[in-house]
Protein chains: 2
Amino acid sequence: MNEVEKFLEDQKVRPTAMRILIYKYMAQKKIAVALTDIENAFTKSDRTTLYRTLKTFEENGIVHQIDDGTGISKYALCENGCNCEIEQDLHLHFHCSNCNETVCLTEHKIPHINLPEGYLAEDVNLVVKGICEKCSGQ
Amino acid sequence: MNEVEKFLEDQKVRPTAMRILIYKYMAQKKIAVALTDIENAFTKSDRTTLYRTLKTFEENGIVHQIDDGTGISKYALCENGCNCEIEQDLHLHFHCSNCNETVCLTEHKIPHINLPEGYLAEDVNLVVKGICEKCSGQ
DNA sequence: CAATAAATGCACTTCCATTGCACTAATTAT
DNA sequence: ATAATTAGTGCAATGGAAGTGCATTTATTG
Ligand SMILES: [Mn+2]
Ligand SMILES: [Mn+2]
Ligand SMILES: [Zn+2]
Ligand SMILES: [Zn+2]
């Protein structure tokens with residue numbers, strides 16, 4: 001049993017052929033992917049399967065869903081040992097308005113946000129839109 | 001000519017009956033509203049008109065659109081003399097997972113975000129999800 | 001008053017997320 | 001090993017919200 005399979009099992013996800021492929025696909029990408037991206041990469045499989053795979057991955061802490069403001073959900077693998085649910089471990093996301101790519105800036109944690117009296121924070125989403133390194137470089 | 005009419009004209013928006021009503025509706029609300037909210041409040045008017053009114057308002061600095069992560073666009077009146085476009089004037093938004101309401105926290109400006117070399121920020125969206133003052137109070 | 005421009009209403013489209021249900025593959029119990 | 005059960009997959013359909021084309025009405029201007 002290879003490494004990916006073992007990892008999925010550790011996360012309580014059965015390592016089916018499709019799941020292994022999707023995992024590897026995401027691992028090799030440096031940017032966040034949309035369901036449609038995966039769909040285009042695996043035309044043999046059905047959209048529903050891919051959709052539910054992402055949900056399963058998300059529920060088991062393998063990927064996190066990213067709302068980058070485009071209206072299209074993106075997904076990216078979680079960092080090794082990341083705790084996305086915990087406020088202290090949330091990082092910021094960057095969406096490039098030129099190439100339309102979204103990246104995790106995992107090094108850039110979301111600062112603590114002060115709220116007015118009576119407000120309780122459960123989750124924070126911080127998205128910066130602009131020009132990415134690749135696009136500004138030329 | 002009353003105050004609302006004058007204000008709309010100042011913003012280069014023709015003060016039609018519908019626009020005045022929508023403006024007053026939003027002014028009296030303390031929370032951000034969705035197109036559907038306005039639709040329900042003005043069943044006599046058509047969704048398209050309301051939709052385009054919001055766009056017109058937005059283009060002329062009367063309202064700002066809010067992406068609170070629910071997938072449904074919300075709108076709120078801009079503060080007097082606010083400059084939503086400018087990064088320094090961006091405030092944070094709070095979405096209550098209990099009552100599902102979204103509010104502008106206009107006092108809480110978005111802190112400056114450091115980005116890696118090569119990244120250029122054009123816009124920042126910061127949304128905190130949790131329990132609002134009203135809902136935590138009981 | 002006529003000509004022009006702006007605003008409105010209706011119908012329709014698009015896009016993505018999501019679900020129900022049938023079918024197949026894998027796991028567990030007998 | 002075979003049957004029973006559970007999990008995964010595929011197809012078809014639905015739903016919600018944003019957005020557009022065009023005809024009609026209303027307001028503005030010459
Ligand atoms: Mn991320
Ligand atoms: Mn606001
Ligand atoms: Zn880019
Ligand atoms: Zn609330």
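Rules used in this analysis
- Residues numbered from 1 in each chain as written.
- Chains lettered and ligands numbered in written order.
- Predicted model: local features only at pLDDT ≥ 70, side-chain atom pairs only at ≥ 80, totals over all residues.
- Heavy atoms only, no water.
- Phe/Tyr/Trp six-rings, centres within 6.5 Å; stacked < 30°, edge-to-face > 60°.
- Helix = DSSP H or I, 4+ residues; strand = E, 2+ residues; numbered from the N terminus.
- Buried < 20%, exposed > 50% of the residue type's maximum accessible area, 1.4 Å probe, protein only.
- Contact = heavy atoms within 4.5 Å.
- Buried area = accessible area lost by both parts, 1.4 Å probe.
- Salt bridge = Lys/Arg side-chain N within 4 Å of Asp/Glu carboxyl O.
- Polar contact = N/O pair within 3.5 Å; in protein donor to acceptor, adjacent residues only side chain to side chain.
- Nonpolar A, V, L, I, M, F, W, Y, C, P; charged D, E, K, R; others polar.
- Pairing = 2+ DSSP bridges.
- Near = heavy atom within 4 Å.
- Donors = N, O, S within 2.8 Å, 3.2 Å for Na, K, Ca; no water.
- Core = buried A, V, L, I, M, F, W, Y, C linked by side-chain atoms within 4.5 Å.
- Axes fitted to C-alpha atoms, helices over the stretch in contact; angles between N-to-C directions.
- Parallel < 35°, antiparallel > 145°, perpendicular 65-115°, else oblique.
- Tetrahedral: all angles 85-135°; square planar, octahedral: opposite > 155°, others 65-115°.
- 1 Å grid on protein atoms, 1.4 Å probe; cavity = no way out; pocket = protein on both sides within 12 Å on 5 of 7 lines; lining within 4 Å.
- Points joined across faces, edges and corners; volume = space filled by probe spheres on them.

Asks: Explanation requested: the packing of aromatic side chains in the structure shown.
Replies: Centre-to-centre distance and the angle between the planes together describe a pair of aromatic rings. A complete count under the given rule lists six aromatic pairs over all chains for this structure. With centroids separated by 5.6 Å and ring planes inclined at 75°, the aromatic side chains of tyrosine 25 of chain A and phenylalanine 42 of chain A adopt a geometry described as edge-to-face. Within this pair, whereas tyrosine 25 of chain A is found in helix H2 (residues 17-28), its partner phenylalanine 42 of chain A is found in the loop between helix H3 (35-41) and helix H4 (47-59), the two being separated by 17 residues in sequence. Phenylalanine 42 of chain A matches tyrosine 25 of chain A in its accessibility class, with the two residues each being buried. Arranged with centres 4.8 Å apart and planes meeting at 80°, the rings of tyrosine 119 of chain A and phenylalanine 94 of chain B form a pair that is edge-to-face. Placement of the pair is tyrosine 119 of chain A in the loop between strand S5 (102-109) and strand S6 (120-131) and phenylalanine 94 of chain B in strand S4 (residues 91-96), with the two residues belonging to separate chains. The same class applies to tyrosine 119 of chain A as to phenylalanine 94 of chain B, namely buried.

Asks: Just to check I follow, could you spell out the interface of chain A and chain B for this structure?
Replies: Accessible area lost when the parts come together is the quantity often used to give the size of an interface. Listed per partner, the contact involves 31 residues of chain A and 31 residues of chain B. Both sides of the chain A and chain B interface together cover about 2500 Å² of buried area, and 61% of this is carbon and sulfur. Per-residue buried area on chain A facing chain B is highest for Tyr119, Glu122 and Lys129 of chain A; these three make up 20% of the total on that side. Connecting chain A to chain B are zero salt bridges. Applying the counting criterion to the chain A and chain B interface returns 13 residue pairs in polar contact (both at pLDDT 80 or more). Grouping the amino acids of the side of chain A that touches chain B by side-chain chemistry returns 17 nonpolar, eight polar and six charged. Bridge count for S6 of chain A against strand S6 (residues 120-131) of chain B is eleven bridges, and the pairing is antiparallel.

Asks: I tried to follow the protein's contact with DNA strand D on my own but got confused; where do I start?
Replies: DNA strand D sits among 16 residues. The nearest are Arg14, Arg19, Thr49 and Arg52 of chain A together with Tyr51 of chain B. Here the atoms of DNA strand D within 4 Å of the protein split so that 71% fall in sugar or phosphate, with bases taking the remainder. Contacts to DNA strand D include serine 45 of chain A, whose side-chain N or O atom sits 3.0 Å from a phosphate oxygen. Secondary structure elements with two or more residues in the surface near DNA strand D: H2 and H4 of chain A together with helix H4 (47-59) of chain B. Across the surface near DNA strand D, the residue classes tally to three nonpolar, six polar and seven charged.

Asks: Got a minute to help me understand the coordination of the manganese ion (ligand 1) in this structure?
Replies: Six octahedral donors around a metal ideally sit at 90 or 180 degrees from one another, while four tetrahedral donors ideally sit at 109.5 degrees. Within the protein, the atoms that donate to the manganese ion (ligand 1) are His64 of chain A (NE2), His91 of chain A (NE2), His93 of chain A (NE2) and Cys104 of chain A (SG), at distances of 2.0 to 2.3 Å. Assessed through its relative accessible area of 9%, histidine 91 of chain A is described here as buried.

Asks: Explain the nonpolar core here, please?
Replies: Here is a general trend for soluble globular proteins: nonpolar side chains tend to be buried in one another's company. Membership of the largest hydrophobic core comes to 32 residues, with the highest contact counts inside it found for Phe94 and Leu115 of chain A together with Phe94 of chain B. For this core, the elements supplying multiple residues, two or more each, are strand S4 (91-96), S5 and S6 of chain A together with S4, strand S5 (102-109) and S6 of chain B.

Asks: It is not clear to me how the packing of helix H1 (residues 3-10) of chain B against helix H2 (residues 17-28) of chain B should be interpreted in this structure. Could you clarify?
Replies: A pair of packed helices is characterised by two quantities: the angle between their axes and the separation of those axes. Residues and elements named next belong to chain B. The contact between H1 and H2 brings their axes to 10 Å, and the two run at 105°. In terms of axis orientation, H1 runs roughly perpendicular to H2. In this structure, H1 contributes Val4, Glu5, Phe7 and Leu8 to the contact, and H2 contributes Arg19, Ile20, Tyr23 and Lys24. Taken together, the residues of the contact of H1 with H2 sort by class into five nonpolar, no polar and three charged.

Asks: Help me understand the coordination of the zinc ion (ligand 3) in this model?
Replies: All names here are of chain A. Distances from the zinc ion (ligand 3) to its protein donors, namely Cys96 (SG), Cys99 (SG), Cys132 (SG) and Cys135 (SG), fall within the range 2.2 to 2.4 Å. Every donor counted, the four donor atoms about the zinc ion (ligand 3) form angles of 105 to 115° at the centre, which fits tetrahedral coordination. In primary sequence terms, the donor set of the zinc ion (ligand 3) follows C-x2-C-x32-C-x2-C. By relative accessible area, cysteine 96 is classed as buried at 0%.

Asks: Could you clarify how one ought to interpret the layout of surface pockets in this entry?
Replies: Rolling a probe over the atoms, with the probe sized like a water molecule, indicates the empty space that remains. Residue and element names in this part refer to chain A. The space that makes up the second largest pocket amounts to roughly 480 Å³. The wall of the second largest pocket is formed by 24 residues, among which Lys29, Lys30, Ile31, Val103 and Cys104 lie closest to the centre. Contributions of two or more residues to the lining of the second largest pocket are made by H2, strand S3 (74-77), S4, S5 and helix H5 (133-136). Ranked by residue count, the leading element in the lining of the second largest pocket is S5, at four residues. Residues that form the lining of the second largest pocket fall into these classes: 15 nonpolar, three polar and six charged.

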